[in-house]
Amino acid sequence: MGARNTDVSFGWVTRALHWAMALGVLAMLGFGSYIARMEVGMSNIWMFGVHKSIGIVLFALLALRIVWHFVSPVLESLPSGVAWKDRAAAWVHRAFYVLLIVVPLSGWIGSGATGLDVLLFNRVTLPPLAPVSETWEEAAFAVHFVATKLLALCVVLHIAGAVMRKDGTLGRMVRGV
Amino acid sequence: MKIILATFCLWVAAAVSVWAMPLSYALDAGESRVGFEVPFGPDQITGTMPVRSADIALDFAQPSNSRISVVLDVGNAQANFPFATQALRGPRVLDAAAFPDITFVSNSIEVQRDAPSKARLGGDITIRGVTRPIVLDVELFRPAGRAPGERELLFVRLEGAVSRAAFGATGWDDLVGDEVSLDLMLRIDLEE
Ligand code: HEM
C-alpha cells in the first residue's frame, strides 16, 4: 500500500495522520477537561505543559495534513444514499478542520496572554501570539472552552456515522481499501 | 542558612553598655536574603529574593532609637519552579520592570520583656509602589561560638506576612494563596 491516496484507496500517510490525530484529540479532550478542573499544585502543574505541547503537535499535524491533501487529494466519501446524512458528514469534516485550528490556536493565544512562556516539551519557547492581557486571556480561553465542546460533539457524530454505516467507510480508513 | 546561630540577649546586655549612640551596621548582601512562602493548592511555593541594601542602626541602651530599613531586589527573585519565578517577577504579581524594589522602613520597636533578643518591629512596607503598615518579628543572633557581648557580626531575622491583595499583586489568585509569609535573614557587620 503506497503513501499516496488513489481514486479508491487511502494511502498510509493520510491514514496515519487520521489515526494519530484521532487518538490525540480524544485524549486531549479528556485530559484538558481534567486539568481545567483539578486542584493545581506542585505535583501536577507539569500537566499543563504536556497539554500545551501535545496540542501544538496536533496543530502541526493539522498543517501537515492540509499540505498533504494538496500533494495527494483525498478520495470522495462513499454516498450513503441519504442526502442529509451525506451533507451532515461533509459538514462535520469541515468543522473538524476549523475547530482543529481554532482549538489549539486559542489555547496558544490564551497561554501567551498570561505572560508566562509557552514551552514545547519544556525545551522550545514559542512566541506569544497576543499581548499580556487578562482580556485576551479570558477571551481566548472562552473560545477554547466552547470550541472544545463543539469538537467533542463533532467527534461523537463522526464516530457514530462511521460505526453505523456498514458500507466499508470505516474499513478503508483502517486498511486503505 | 547553614550557620549555627545562637540567640543572645543583646537588648539586655546593652543596659550596661558604654555605647550611648545607635551603632551602624553594614549589610553583607551576599549572605543576606529573604525567603518567602505562599500556598499553592495543597503545596507551598517557596523562594528567595536578594537584599539589595539595608540601613541598620541598633541602639542597645535605648532600643526605640534603633532603625532597620531594607530594600529587596525584586528582579532577581527566585521561586522553586521556573513558571513561578516568571509569574512572580511579571506584571501580574510584583511587576519587577515597573517596581524593581520592595522597601521596608521601621518606625517603632518594642522589645519583648520575656525574650530580650526579640522585638516587634513596626514599619511601612512598599510593594508595587503601594505602601502599607506592617509589623515584623525581629530577633538578633550572633554566630555560635562568639563571646557574649560581641557585636561586631550579627544576624537579624525578620518575620512577617503580607496580603497580596493589599498591594495589587493578585496574579493567579485562583491558584496561589493571598498571604505570603516572609522570613528575612540579614548578616550585618558593625561599621567602625
Ligand atoms: C487539539 C488540541 C487541543 C485540545 C483538543 C484541547 C482541549 C482542551 C479541553 C477540552 C480543555 C478543557 C476546557 C474546559 O472544559 O474548561 C482544555 C483546557 C486548556 N487548554 Fe487545551 N486543547 C488543545 C490544545 C491546547 C493548546 C495548544 C494549548 C496551549 C498552548 C492549550 C491550553 C489549554 C489550557 C491552559 C487549558 C486550561 C484552561 C483552564 O484552566 O481553564 N490547549 N483544552
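Structural data are supplied above this passage.
These numbers were taken from a predicted model, which means no experiment stands behind them. (Residues numbered from 1 in each chain as written. Chains lettered and ligands numbered in written order. Predicted model: local features only at pLDDT ≥ 70, side-chain atom pairs only at ≥ 80, totals over all residues. Heavy atoms only, no water.)

Peer 1: Run through the site of the ligand, naming residues and quoting values.
Peer 2: Residues and elements named next belong to chain A. Taken together, 23 residues are adjacent to the ligand, and Gly32, Arg37, His51, His144 and Lys149 come closest. His144 has a polar side-chain atom sitting 2.8 Å from a nitrogen atom of the ligand. Note that an oxygen atom of the ligand is positioned 2.9 Å from one of the side-chain N or O atoms of Lys149. Within the residue set of the shell around the ligand, elements represented by two or more residues are α1 (12-37), α2 (46-71), α3 (83-113) and α4 (134-164). Along the lines of polarity and charge, the residues of the shell around the ligand split into 12 nonpolar, eight polar and three charged. (Near = heavy atom within 4 Å. Polar contact = N/O pair within 3.5 Å; in protein donor to acceptor, adjacent residues only side chain to side chain. Helix = DSSP H or I, 4+ residues; strand = E, 2+ residues; numbered from the N terminus. Nonpolar A, V, L, I, M, F, W, Y, C, P; charged D, E, K, R; others polar.)

Peer 1: For the pattern of salt bridges, give the residues involved together with the corresponding values.
Peer 2: Under the counting rule described, the total for this entry stands at 10 salt bridges over all chains. Here Arg165 of chain A and Asp167 of chain A are joined by a salt bridge, their closest N and O atoms 2.9 Å apart. In this structure Arg165 of chain A comes out as partly exposed when scored by relative accessible area, which is 23%. For Arg157 of chain B, the salt bridge goes to Asp183 of chain B, with nearest N and O atoms at 2.6 Å. You can see Arg157 of chain B sitting in strand β10 (residues 153-163) and its partner Asp183 of chain B sitting in strand β11 (residues 179-190), a full 26 residues away along the chain. Residue classification places Arg157 of chain B among the partly exposed positions, given a relative accessible area of 26%. Using a relative accessible area of 28% as the deciding quantity, one classes Asp183 of chain B as partly exposed. Sharing partners across several salt bridges, the network here consists of Arg52, Asp73 and Asp101 of chain B. (Salt bridge = Lys/Arg side-chain N within 4 Å of Asp/Glu carboxyl O. Buried < 20%, exposed > 50% of the residue type's maximum accessible area, 1.4 Å probe, protein only.)

Peer 1: Give me the packing of α2 of chain A against α3 of chain A: which residues, what numbers.
Peer 2: Helices that pack against each other are described as a pair by the angle of their axes relative to one another and the distance between those axes. Residues and elements named next belong to chain A. It is at 10 Å that the axes of α2 and α3 come closest, and there the two elements cross at 145°. In this structure, the crossing between α2 and α3 has a hand that is left-handed. Across from Lys52, Gly55, Ile56, Phe59, Leu62, Arg65, Ile66 and His69 in α2, the residues of α3 making contact are Tyr97, Leu100, Ile101, Pro104, Leu105, Trp108 and Ser111. Split into classes, the residues belonging to the contact of α2 with α3 amount to 10 nonpolar, three polar and two charged. (Axes fitted to C-alpha atoms, helices over the stretch in contact; angles between N-to-C directions. Left-handed = near helix turned anticlockwise from the far one by under 90°. Contact = heavy atoms within 4.5 Å.)

Peer 1: Quick one: what's the story with α4 of chain A, residue by residue and with numbers?
Peer 2: Residue and element names in this part refer to chain A. In a regular helix each residue adds 1.5 Å, so 31 residues correspond to 45 Å; α4 covers 45 Å between its end C-alpha atoms and thus fits that length. Listed in full, the buried residues belonging to α4 are Glu137, Ala140, His144, Ala147, Thr148, Leu151, Cys154, Val155 and Ala162. Contacts made by the buried residues of α4 are with α1, α2, α3 and α5 (169-175). Of the residues that open α4, the one with a side-chain oxygen 3.2 Å from the backbone nitrogen of Thr135 is Ser133. (Expected span 1.5 Å × (residues − 1).)

Peer 1: Requested: an account of the pairing of strand β9 (residues 130-143) of chain B, with residues and values cited.
Peer 2: Residue and element names in this part refer to chain B. Pairing of strand β8 (residues 118-127) with β9, which is carried by 10 bridges, proceeds in the antiparallel orientation. Within β9, the position partnered with Gly123 by the bridge is Ile134. The hairpin turn running from β8 into β9, its antiparallel successor, is two residues long, and Arg128 in that turn takes a positive phi close to 55°. Of the pairings in the sheet, the one linking β9 to β10 comprises five bridges and is antiparallel in character. Counterpart to Glu139 in the pairing with β10 is Arg157. (Pairing = 2+ DSSP bridges.)

Peer 1: Let's hear about the pairing of strand β4 (residues 43-58) of chain B: which residues, and what values?
Peer 2: All names here are of chain B. Across three bridges, the pairing between strand β2 (residues 23-27) and β4 is antiparallel. Paired with Ser24 across the two strands is Ala57, which belongs to β4. As judged from the eight bridges shared by strand β3 (residues 33-40) and β4, these two strands associate in the antiparallel manner. Within β4, the residue paired with Phe40 across the bridge is Asp43. Between β3 and β4, which pair antiparallel one after the other, the connecting turn spans two residues, and Gly41 there sits at a positive phi close to 55°. Direction of pairing for β4 relative to strand β6 (residues 78-79): antiparallel, over a ladder of two bridges. Across the sheet, the residue bridging to Thr48 is Gln78, located in β6.

Peer 1: So what's going on with the interface of chain B and chain A? Which residues, and what values?
Peer 2: At the junction of the two partners, chain B supplies 14 residues and chain A supplies 16 residues. Buried area between chain B and chain A, both sides added, is near 1,200 Å², and the carbon and sulfur share of it is 65%. When the buried surface of chain B facing chain A is broken down by residue, Phe83, Gln86 and Arg92 of chain B rank first, second and third, together holding 44% of it. On the surface where chain B and chain A come into contact, there are one salt bridge. One salt bridge connects Arg92 of chain B with Glu137 of chain A, and the closest N-O pair in it is separated by 2.6 Å. For the side of chain B that touches chain A, the leading source of residues is helix α2 (residues 82-89) of chain B, giving three residues. Of the residues belonging to the side of chain B that touches chain A, the class tally is eight nonpolar, four polar and two charged. (Buried area = accessible area lost by both parts, 1.4 Å probe.)

Peer 1: Kindly report on the environment of Asp101 of chain B, identifying the contributing residues and their values.
Peer 2: Residue and element names in this part refer to chain B. Among the structural elements, Asp101 can be located in strand β7 (residues 101-111). Residues Asp101 and Asp73, 28 residues apart in the sequence, show an inter-C-alpha distance of 5.4 Å. Non-local contacts of Asp101, meaning those with residues more than four positions away in its chain, are made with Arg52, Val71, Leu72, Val74 and Thr126. Among the polar contacts made by the side chain of Asp101, one reaches the side chain of Arg52 at a distance of 2.9 Å.

Peer 1: Account for the packing of aromatic side chains, with residues named and values stated.
Peer 2: Enumeration over the complete set of coordinates arrives at two aromatic pairs over all chains. Summarising the aromatic geometry, the rings of Phe40 of chain B and Phe81 of chain B are spaced 5.7 Å apart at their centres and angled 25° between planes, so their arrangement reads as stacked. Here Phe81 of chain B lies in the loop between β6 and α2 and Phe40 of chain B lies in strand β3, a separation of 41 residues in the sequence. Like Phe40 of chain B, the residue Phe81 of chain B is buried in the burial classification. One Lys or Arg, Lys149 of chain A, reaches over the ring of Phe145 of chain A and ends 4.3 Å from the middle of that ring. The ring of Phe60 of chain B is capped by Arg151 of chain B, whose NZ or CZ atom sits 4.3 Å from the centre of that ring. (Phe/Tyr/Trp six-rings, centres within 6.5 Å; stacked < 30°, edge-to-face > 60°. Lys NZ or Arg CZ within 6 Å of the ring centre and 35° of its normal.)

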